[in-house]
Amino acid sequence: MFTGIIEEIGTLQTIQRGTHSAAIGIGCSKVLEGTKIGDSIAVNGVCLTVTGMSGSGYTADVMPETLERSSLGALKKNSRVNLERAMAADGRFGGHIVAGHIDGTGRVQEVTKDETAVWYRITADESILRYIVEKGSIAVDGISLTVARVTDRDFSVSVIPHTQGVTNLADRRVGDIVNLECDIVGKYVEKLFRQGDTGSAGKKEETKISKQFLYENGFV
């Protein structure tokens, strides 16, 4: 599990492309501390397993499913990437629950200055936007951000200078593709509300969760 608080900006040093997969080498330093082969590090929000290490970086394999669903396939040598190690049990929960399993990608449509802040407007498919709510959380390239506005076509986030400085968000321009992971809580709630869906055993699943149930228990 991750929190969306970026620890370091790494640099893509090598990329070896297969027919449908790839192996990447990332130059970094901070995220190597306490890390061993087999550990997980999120790269632009995508959870990847460390397969090799050196004093100046590490390697990871990227499977076909990941290349298809994320923007990692568009990375080039020297691309700057956001890095975060999996959260330690005694760590501080500074962002929100981020699984490192992105829901898909979005496209930057507009970047505008607002005094010290910068606004990013990002379009996404309806299948992603349905889980995005105003003032809720969204991970953009692995960065935990608060949704400031949302429509049926796009959403917007307002980013402070500190976030610009410690992530690769400052590199993003209109037309760029970004990885998106919605707040996992919303997906679980939707699943619980699916009354009468067929379960794994082929039987109709019953649920006691309803709007009335939530209202009666103080959630609405």
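In case you missed it, the structure is sitting above this.
This text gives an overview of the structure that appears in the document. As the structure is a computational prediction, the values presented were derived from the model and not from experiment.

1. With respect to the overall build of the protein chain
Part 1: Helices and strands together make up the secondary structure of the protein chain, namely five helices and twelve strands.
Part 2: Computed over its C-alpha atoms, the radius of gyration of the protein chain comes to 19 Å, within 12% of the 17 Å expected for a compact globule of 220 residues.
Part 3: Projecting the C-alpha coordinates of the protein chain onto the three principal axes gives extents of approximately 55 × 50 × 40 Å.
Part 4: Taken over 220 residues, the protein chain has a buried fraction of 39%.
Part 5: Considering only intrachain contacts with a sequence separation of at least 6, the fraction spanning at least 24 residues in the protein chain is 65%.
Part 6: Carbon and sulfur atoms make up 51% of the accessible area of the protein chain, which amounts to about 12400 Å² in all.
Part 7: When the 25 positive and 28 negative side-chain charges of the protein chain are each reduced to one mean point, those points stand 2 Å apart.

2. Points about the pairing of strand E11 (residues 154-159)
Part 1: Taken across its six residues, E11 has five buried, putting it largely inside the fold.
Part 2: In this sheet, E11 lies alongside strand E8 (residues 117-123) in antiparallel orientation, the contact comprising six bridges. Opposite Arg121, over in E11, you have Ser156 as the bridge partner.
Part 3: The pairing of strand E10 (residues 143-150) with E11 spans three bridges and is antiparallel. Directly across from Val147, in E11, lies its bridge partner Val157.

3. Topic: the sheet that holds E8
Part 1: Here six strands make up a closed barrel; going around it, the order is E7-E8-E11-E10-E9-E12 and the pairing antiparallel. For this sheet, the mean angle separating the axes of adjacent strands, direction not counted, is 45°.

4. Focus on the packing of aromatic side chains
Part 1: A complete count under the given rule lists zero aromatic pairs for this structure.
Part 2: A cation sits over an aromatic face here: Arg149 above Trp119, 4.2 Å from the ring centre.

5. Looking at the environment of Asn217
Part 1: Within the secondary structure, Asn217 is located in the segment after helix H5 (211-216).
Part 2: For Asn217, a relative accessible area of 45% puts it in the partly exposed group.
Part 3: In this structure the C-alpha to C-alpha distance between Asn217 and His162, which are 55 residues apart in sequence, comes to 39 Å.

6. Regarding unusual backbone geometry
Part 1: Of note, the phi angle at Glu115 is positive, near 55°, even though the residue is not glycine.
Part 2: Relative to the helices and strands, Glu115 resides in the loop between strand E7 (104-114) and E8.
Part 3: Since its relative accessible area comes to 72%, Glu115 is described here as exposed.
Part 4: The phi angle at Asp141 is positive, at roughly 50°, despite the residue not being glycine.

7. A few points about the sheet that holds strand E2 (residues 22-27)
Part 1: If you trace the six strands once around the closed barrel, you get E1-E2-E5-E4-E3-E6, paired in antiparallel fashion. The mean inter-strand angle of the sheet, taken between neighbouring strand axes irrespective of direction, is 45°.
Part 2: Of the pairings in the sheet, the one linking E2 to strand E5 (residues 57-62) comprises six bridges and is antiparallel in character. Across the sheet, the residue bridging to Gly27 is Gly57, located in E5.

8. Let's talk about the state of the cysteines
Part 1: Counting across every chain of the model gives zero disulfides.
Part 2: Not engaged in a disulfide, the cysteine Cys47 finds its nearest cysteine sulfur in Cys28; these two sulfurs lie 15 Å apart.
Part 3: With no disulfide of its own, Cys182 has Cys47 as its nearest cysteine by sulfur position, at a separation of 17 Å.

9. Remarks on empty space enclosed by the protein
Part 1: Scanning the model with the defined rule gives one cavity of 30 Å³ or more in all.
Part 2: Of the volumes computed, that of the largest cavity is approximately 30 Å³.
Part 3: Residues that form the lining of the largest cavity fall into these classes: seven nonpolar, no polar and no charged.

10. Regarding the pattern of salt bridges
Part 1: Tallied over the entire structure, the rule returns ten salt bridges.
Part 2: Two residues, Asp39 and Lys36, come together in a salt bridge whose shortest N-O distance is 3.3 Å.
Part 3: By sharing partners, the salt bridges in this structure join Glu110, Arg121 and Asp154 into a single network.

So, how was this worked out
Residues numbered from 1 in each chain as written. Predicted model: local features only at pLDDT ≥ 70, side-chain atom pairs only at ≥ 80, totals over all residues. Heavy atoms only, no water. Helix = DSSP H or I, 4+ residues; strand = E, 2+ residues; numbered from the N terminus. Rg over C-alpha atoms; globule rule 2.2 N^0.38 Å. Buried < 20%, exposed > 50% of the residue type's maximum accessible area, 1.4 Å probe, protein only. Contact = heavy atoms within 4.5 Å. Areas by Shrake-Rupley, 256 points an atom, 1.4 Å probe, with all protein chains shown as cover. Lys, Arg positive; Asp, Glu negative; His and termini not counted. Charge placed at Lys NZ, Arg CZ, Asp CG, Glu CD. Pairing = 2+ DSSP bridges. Axes fitted to C-alpha atoms, helices over the stretch in contact; angles between N-to-C directions. Phe/Tyr/Trp six-rings, centres within 6.5 Å; stacked < 30°, edge-to-face > 60°. Lys NZ or Arg CZ within 6 Å of the ring centre and 35° of its normal. Disulfide = S-S within 2.5 Å. 1 Å grid on protein atoms, 1.4 Å probe; cavity = no way out; pocket = protein on both sides within 12 Å on 5 of 7 lines; lining within 4 Å. Points joined across faces, edges and corners; volume = space filled by probe spheres on them. Nonpolar A, V, L, I, M, F, W, Y, C, P; charged D, E, K, R; others polar. Salt bridge = Lys/Arg side-chain N within 4 Å of Asp/Glu carboxyl O.

Take it as geometry only, folks, not as evidence of what the structure does.
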